[in-house]
Amino acid sequence: MALLQVENLCMDFGGLRAVDQVSLSVEDGEIVALIGPNGAGKTTFFNCVTGHYAPTGGEIVISPPQGERARIDGLKPNRVTALGLARTFQNIRLFPAMTVLENVMIGRHCRTRTSLLGAILRGPGTRRQERETIDTSYRLLEKVGLLDVADEFARNLSYGGQRRLEIARALATDPFLLLLDEPAAGMNPQETRELDELIVRIRDEEGLAILLIEHDMPLVMNLSDRIYVMEYGCKIAEGTPQQIRSNPRVIKAYLGEQDDA
Amino acid sequence: MRLVGRSLLVGLWFMFLTLPLLAVRVNTITETVEWRWLNLVWVGLGTFILSLALALWRQRSESQPQRDDGEGDITPRWRERLFHDQTVYRPLLIMALLATLLLPWLVDIYQINILVLALIFVVLGLGLNIIVGLAGLLDLGYIAFFAVGAYTYALLNINLDLGFWAALPLGGLAGAFFGLLIGFPVLRLRGDYLAIVTLGFGSIVKIVIENEDELFYGAMGIADIPRPGLLGLDLSLDQSTLYTYYLVVALALLAIFVTNRLKDSRLGRAWIALREDEIAAVAMGIDMAKCKLSAYAFGAFWAGLVGVLFAARNTFIHPNSFTFAESALVLSMVVLGGMGSIVGVTLAALILVLLPEYLQGLAEYRMLVFGGVMVAMMVFRPHGLISPSRRRYTRPQAQGEEG
Ligand SMILES: Nc1ncnc2c1ncn2[C@@H]1O[C@H](COP(=O)(O)OP(=O)(O)OP(=O)(O)O)[C@@H](O)[C@H]1O
Ligand SMILES: [Mg+2]
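What counts and what doesn't
- Residues numbered from 1 in each chain as written.
- Chains lettered and ligands numbered in written order.
- Predicted model: local features only at pLDDT ≥ 70, side-chain atom pairs only at ≥ 80, totals over all residues.
- Heavy atoms only, no water.
- pLDDT = per-residue confidence, 0-100.
- Contact = heavy atoms within 4.5 Å.
- Axes fitted to C-alpha atoms, helices over the stretch in contact; angles between N-to-C directions.
- Helix = DSSP H or I, 4+ residues; strand = E, 2+ residues; numbered from the N terminus.
- Parallel < 35°, antiparallel > 145°, perpendicular 65-115°, else oblique.
- Left-handed = near helix turned anticlockwise from the far one by under 90°.
- Nonpolar A, V, L, I, M, F, W, Y, C, P; charged D, E, K, R; others polar.
- Donors = N, O, S within 2.8 Å, 3.2 Å for Na, K, Ca; no water.
- Buried < 20%, exposed > 50% of the residue type's maximum accessible area, 1.4 Å probe, protein only.
- Core = buried A, V, L, I, M, F, W, Y, C linked by side-chain atoms within 4.5 Å.
- Pairing = 2+ DSSP bridges.

**Student:** Help me understand the confidence of the model for chain B, please; the structure alone is not making it clear to me.
**Tutor:** Residue and element names in this part refer to chain B. Across chain B, the average pLDDT comes to 82, with 91% of residues at or above 70. Considering only residues more than four positions removed or in separate chains, one finds that residues 66–74, a stretch of pLDDT under 50, has 12 contacts. Scored below 50 in pLDDT, residues 398–403 makes six contacts in the model with residues more than four places away or belonging to other chains. Here the predicted complex carries an ipTM of 0.91, next to a pTM of 0.85.

This is how it looks when you write it as structure tokens:
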């Protein structure tokens with residue numbers, strides 16, 4: 001059973017069909033890439049899966065490694081996150097006035113419980129939970145290499161640092177599937193190479209599957225087990241990196257365009 | 001120089017703007033028009049000099065080496081120590097506390113009364129700080145919850161003969177209940193829309209009280225509300241005022257303690273996250289409706305609580321104590337103090353209540369000074385007097401966490 005099974009997903013904005021009958025699946029432990037030219041509808045697809053948009057058609061089913069099979073289309077984003085899907089954003093969305101560590105701690109929100117009274121009294125239960133939140137967050141910061149800036153405000157991080165912080169924050173929600181929206185955008189080649197390693201390391205160490213949108217072709221070809229290609233809202237191809245590289249339709253729609261540029 | 005030219009233009013523009021007001025006077029007795037050109041020259045000269053000074057000051061501060069983050073809101077070293085070094089801030093806090101406790105023995109009863117009012121506004125400021133400062137929900141009708149608390153006490157006292165201490169928690173709960181009631185439909189709105197609706201709600205509460213004679217005693221107000229009782233003792237006016245002072249100090253300390261704990265808790269962080277970026281916050285699994293509602297109700301709780309004390313201090317309440325001007329005053333405390341900063345809001349509340357009282361000479365120009373201060377703040381310290389600092393956490397290896 002696939003971790004994530006999307007069937008014939010459609011999303012309409014008024015007259016515009018941004019996602020048209022797209023089906024996609026992600027298996028346990030896979031790294032899957034979703035590529036396509038600008039405006040193809042990739043981010044919109046993510047937004048539907050993570051609950052930010054309610055899709056106008058199709059269905060989205062998850063089968064978590066531990067847990068029930070469930071339909072998640074139309075659920076609120078916080079419910080989807082609680083079920084085990086976490087995401088990053090194409091246009092970075094951190095909490096700028098909070099410290100780097102606190103940004104990650106926010107990710108623990110849905111895995112912890114405290115009442116208003118508990119927070120005020122700060123009893124042993126609450127303290128233990130806070131300690132766990134802090135420890136987990138530090139561990140994740142170490143993983144993405146942001147340990148030395150833990151007390152900085154998030155807005156003071158470099159661009160690459162902010163992207164990695166978004167990944168750490170998403171990981172803090174204990175997902176079984178991580179959705180990355182253009183994680184390498186704006187990074188220099190050195191940072192991109194490090195990101196490449198980081199993504200593989202996350203998959204192996206945290207034992208989760210990854211679905212990523214990316215424009216950086218070498219990165220995608222290198223990382224992905226399978227690739228889906230979208231154009232004008234429709235899925236035009238799927239397959240292994242080799243198959244995608246030699247697919248004439250993809251070359252025409254996307255790779256060819258890149259060559260011109 | 002370009003700056004001089006611009007300042008000259010500003011001066012001319014102000015002369016033109018104030019021309020009908022300051023220069024032209026119709027003398028109704030002799031039925032002639034007087035031209036007072038000299039006034040105009042003063043206006044022009046004054047604005048020219050001010051504008052030039054401002055421009056030069058700006059230029060100088062811009063030519064200074066830029067500091068690390070673009071928001072002009074850095075953490076200088078003394079601030080760092082003030083907020084994160086226990087050996088520095090502990091003694092300061094203890095001194096402030098001692099001063100607060102000793103103060104009423106040094107001043108007369110009139111002053112104590114003013115101090116009580118100032119501290120009431122400190123609690124209001126801290127309550128609104130939860131809603132606006134932490135959760136980022138712009139509320140322009142906050143004083144309505146204060147009214148709810150005050151009227152809860154007054155009415156319970158008249159109708160059920162309930163005492164101050166019984167009414168105190170009930171006032172707080174009534175505030176929170178109204179917060180939930182209003183918040184539930186309203187909090188799905190954002191920014192400006194939320195501000196407008198809360199503004200409307202604030203006015204509605206006042207108008208309802210004003211016009212309902214049977215239930216709320218309308219525009220007459222309610223008089224003879226008992227002062228806070230102390231174990232059934234008979235207190236003189238002086239003693240009772242002193243007692244009220246210590247009560248409100250206790251309440252303010254409680255509010256400071258509680259908000260301080262909350263802002264670094266799971267819930268408090270969720271509030272701040274929602275303020276910073278709603279979309280990212282819900283993507284991290286935060287239940288937006290629930291979190292916003294809890295912030296709103298909890299902020300309202302403090303207003304209700306301290307409303308009871310307000311009614312007991314004044315022994316007389318009237319709908320006119322709960323107008324938009326008061327809401328705006330409390331909001332300025334939060335903005336002036338620095339959104340989310342407990343120290344800042346406390347200071348700003350004290351300043352905004354005490355300063356006008358002690359500058360009676362300026363009473364006529366109060367609003368003018370107020371406006372001026374606000375504009376100056378927006379220009380020079382857009383993040384408030386004290387920009388909120390965030391807590392540091394020790395790493396797992398370093399044992400023995402405390403804070
Ligand atoms: N909320 C919205 N309302 C209306 N139209 C939208 C909305 N969101 C996206 N669109 C439209 O849907 C189409 C797909 O946009 P989307 O952001 O999903 O593209 P993308 O594949 O992520 O592109 P890029 O590579 O530039 O990020 C675009 O034409 C966009 O204008
Ligand atoms: Mg996109």
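Picking up after the structure, the text goes on.
**Student:** Honestly, the packing of helix α5 (residues 109–134) of chain B against helix α13 (residues 288–314) of chain B in this entry has me stumped. Any pointers?
**Tutor:** The relative placement of two packed helices is expressed as an angle between their axes plus a distance between the axes. Residues and elements named next belong to chain B. Contact pair α5 / α13: the axes reach a minimum separation of 7 Å and the direction vectors enclose 170°. By the angle class used here, α5 and α13 are roughly antiparallel. For the element pair α5 and α13, the recorded crossing hand is left-handed. Across the interface between the two elements, Asn113, Ile114, Val116, Leu117, Ile120, Val123, Leu124, Gly127, Ile130 and Ile131 from α5 touch Ala295, Tyr296, Phe298, Gly299, Ala300, Trp302, Ala303, Val306, Leu309, Phe310 and Arg313 from α13. Its residues assigned to classes, the contact of α5 with α13 shows 17 nonpolar, three polar and one charged.

**Student:** I tried to follow the coordination of the magnesium ion (ligand 2) on my own but got confused; where do I start?
**Tutor:** All names here are of chain A. Distances from the magnesium ion (ligand 2) to its protein donors, namely Thr43 (OG1) and Gln90 (OE1), fall within the range 1.8 to 2.1 Å. Here Gln90 lies in the loop between β6 (85–87) and α3 (100–107) and Thr43 lies in helix α1 (residues 42–49), a separation of 47 residues in the sequence. On the accessibility criterion, Thr43 (25% relative accessible area) is partly exposed. Classification of Gln90 by relative accessible area gives partly exposed; the value is 31%.

**Student:** Can you help me understand the nonpolar core in this one?
**Tutor:** Note on soluble globular proteins: their nonpolar side chains tend to be buried together. Judged by nonpolar contacts, the single largest core of 107 residues is most densely connected at Leu124(B), Tyr142(B), Phe146(B), Trp271(B), Phe298(B), Trp302(B) and Ile317(B). Every residue in contact with Ile317(B), bar those within four places of it in the chain, is listed here: Ala150(B), Tyr151(B), Ala154(B), Gly221(B), Ile222(B), Ile225(B), Phe310(B) and Ala311(B). Ranked by size, the runner-up nonpolar core spans 48 residues in total, among them Ala154(A), Ile167(A), Ala184(A) and Ile202(A).

**Student:** I would appreciate a short explanation of the pairing of strand β10 (residues 234–239) of chain A in the present structure.
**Tutor:** Look at any regular strand and the pattern is simple: side chains alternate between the two faces of the sheet. All names here are of chain A. Here strand β9 (residues 226–231) pairs with β10 via five bridges, running antiparallel. Within β10, the residue paired with Tyr228 across the bridge is Glu238. Between β9 and β10, which pair antiparallel and follow one another directly, the connecting turn spans two residues, one of which, Tyr232, has a positive phi of 45°.

**Student:** Even after reading the chapter, I still don't get the packing of α5(B) against helix α10 (residues 237–263) of chain B, so can you show me in this structure?
**Tutor:** All names here are of chain B. Where α5 meets α10, the closest approach of the two axes is 9 Å, and the angle between their N-to-C directions is 20°. For the element pair α5 / α10, the angle class is roughly parallel. For the pair α5 and α10, the crossing hand works out as left-handed. Looking at side-chain class alone, the contact of α5 with α10 contains 20 nonpolar, four polar and two charged residues.

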